[in-house]
Amino acid sequence: MSGARYDVVLYGATGFTGRQAARYLGVHAPAGLRFAVAGRRRDALEAVRAESGAAGVIVADSADPAAVDAMVAQARVVASTAGPFARYGSHVVAACARHGVDYADITGETPWIKTMIERHHAEAAARGTRLVPCCGVDSVPSDLGTLLVVTELRRRFGQSTRRVSASFRMRGGLNGGTLESALALQDPALARAFADVLLLNPPGRATPAERARSADFTGVRWDGARKVWLSPYLMAGTDTRVVRRSNALMDEYGAGYGEAFAYEEALEHDGRVPALVFAAGTRAAAALFTTRAGAWLVRRLGPKPGEGPSAETMARGFLRARLLGEAPDGRRLVATVAADGDPANRVTVTALCESALALATDRDALPGGPARGGVLTPATALGLPLLRRLEAVGWRVSVATVG
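Residues numbered from 1 in each chain as written. Predicted model: local features only at pLDDT ≥ 70, side-chain atom pairs only at ≥ 80, totals over all residues. Heavy atoms only, no water.

1. A closer look at the nonpolar core
Counting 105 residues, the largest nonpolar core has Val8, Val9, Val37, Met71, Val78, Tyr103 and Leu382 as the members making the most contacts within it. Top contributing element to this core by residue count: helix H15 (residues 343-361), with 10 residues. In contact with Tyr103, not counting residues within four places along its chain, are Val78, Ser80, Phe85, Val92, Val93, Cys96, Trp112, Arg130, Leu131, Val132 and Leu359. (Core = buried A, V, L, I, M, F, W, Y, C linked by side-chain atoms within 4.5 Å. Buried < 20%, exposed > 50% of the residue type's maximum accessible area, 1.4 Å probe, protein only. Helix = DSSP H or I, 4+ residues; strand = E, 2+ residues; numbered from the N terminus. Contact = heavy atoms within 4.5 Å.)

2. Observations regarding the layout of surface pockets
A probe as big as a water molecule, rolled over the atoms, marks out the empty space that is left. Its boundaries defined by the atoms lining it, the second largest pocket holds a volume of some 260 Å³. Lining of the second largest pocket is provided by 15 residues; of these, Tyr24, Arg346, Val347, Val349 and Thr350 occupy positions nearest its centre. Within the residue set of the lining of the second largest pocket, elements represented by two or more residues are helix H1 (16-28), strand S12 (332-340) and H15. (1 Å grid on protein atoms, 1.4 Å probe; cavity = no way out; pocket = protein on both sides within 12 Å on 5 of 7 lines; lining within 4 Å. Points joined across faces, edges and corners; volume = space filled by probe spheres on them.)

3. Details of the sheet that holds S12
On the basis of which strands lie adjacent, the open sheet formed by seven strands has the order S8-S9-S10-S7-S11-S12-S14 and mixed pairing. The two strands at the open ends of the sheet, each matched to only one other strand, are strand S8 (221-223) and strand S14 (396-402). Across this sheet, the average inter-strand angle for adjacent strands is 30°, counted without regard to direction. As paired elements, strand S7 (residues 163-171) and strand S11 (residues 318-326) share nine bridges and run antiparallel to each other. Pairing of Ser167 across the sheet is with Arg322, part of S11. (Pairing = 2+ DSSP bridges. Axes fitted to C-alpha atoms, helices over the stretch in contact; angles between N-to-C directions.)

Right, here's the structure in full:
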């Protein structure tokens, strides 16, 4: 927003992820960029400001729409780590849409994103305001990796994309905010929405044919191209919906991925037995989360909001995504997107902060030019310029032909 006091306002800055994001901005924000930290408690915010070098502190409770409105009015970009977002994020997104302020967050709560699309997409599109959920590990590697595959199939072979299969390896921990967001999705109505494979598609882009080719990956299978066994991936329920929305929006812009594009995600394993064991464990964990007793046990044993892995655990973590793309004529290539650090924390923080910095400093170079707006995705709002930013801070990206 022109004349804003701050280039970036980081909301939720006193939480576990928020504190890391504030430190990241303090190190990586370019000279002259002014960022503020925002949240509910002034004393905790002052401590974060002292540690990060933020230019200001804004006290705003998410339950107070007037305070949220006043916070957003001071920003050009709002970056939020305050989850669960269905509980703490709606007033923030509404204020951004109203003021024409760009927004990025780290949610994976697709039913809430659907609600934000219904409420704010048309207004944001008309104003050229970019509201971009899922700018963390959900779903930047998936969404930008797919965009890279589509781009390279066109560039190298002059072909559209028939199918992308993404597979992941990772090591890391869990923070309390992420756990609470996952538990919040176990409400039966939200769980039914979360299971909709085309939940985030625009109206008219949920045909029976598209639904049939978009079924979630289940079971276990051998992948000969990547030479690994594949099992279901816990975060696919968010990532796949985001990638499908990207394709649908790109089609509206005249740059759809392919006439019958399909996307899936899985987790990699070195043997069939580990894949089978993990698949069974995933089903057991899902069942545990859906019972009241199970949710109580998870909350009791898991990290509390504001808590997360140790610095040592986060430093040992990593993420690698390999995205196998296939053209209609059968030619294939694989894109690899890899990053060091705990996926749910370090990778997420880097992706969110670089997304916010791209919106604040490189907006005219982003896909679609300054007029593009709406409740978008990382691929449609930030595109390959974000991937280049992430490479510059240590992510590793490569593309190779297969067979």
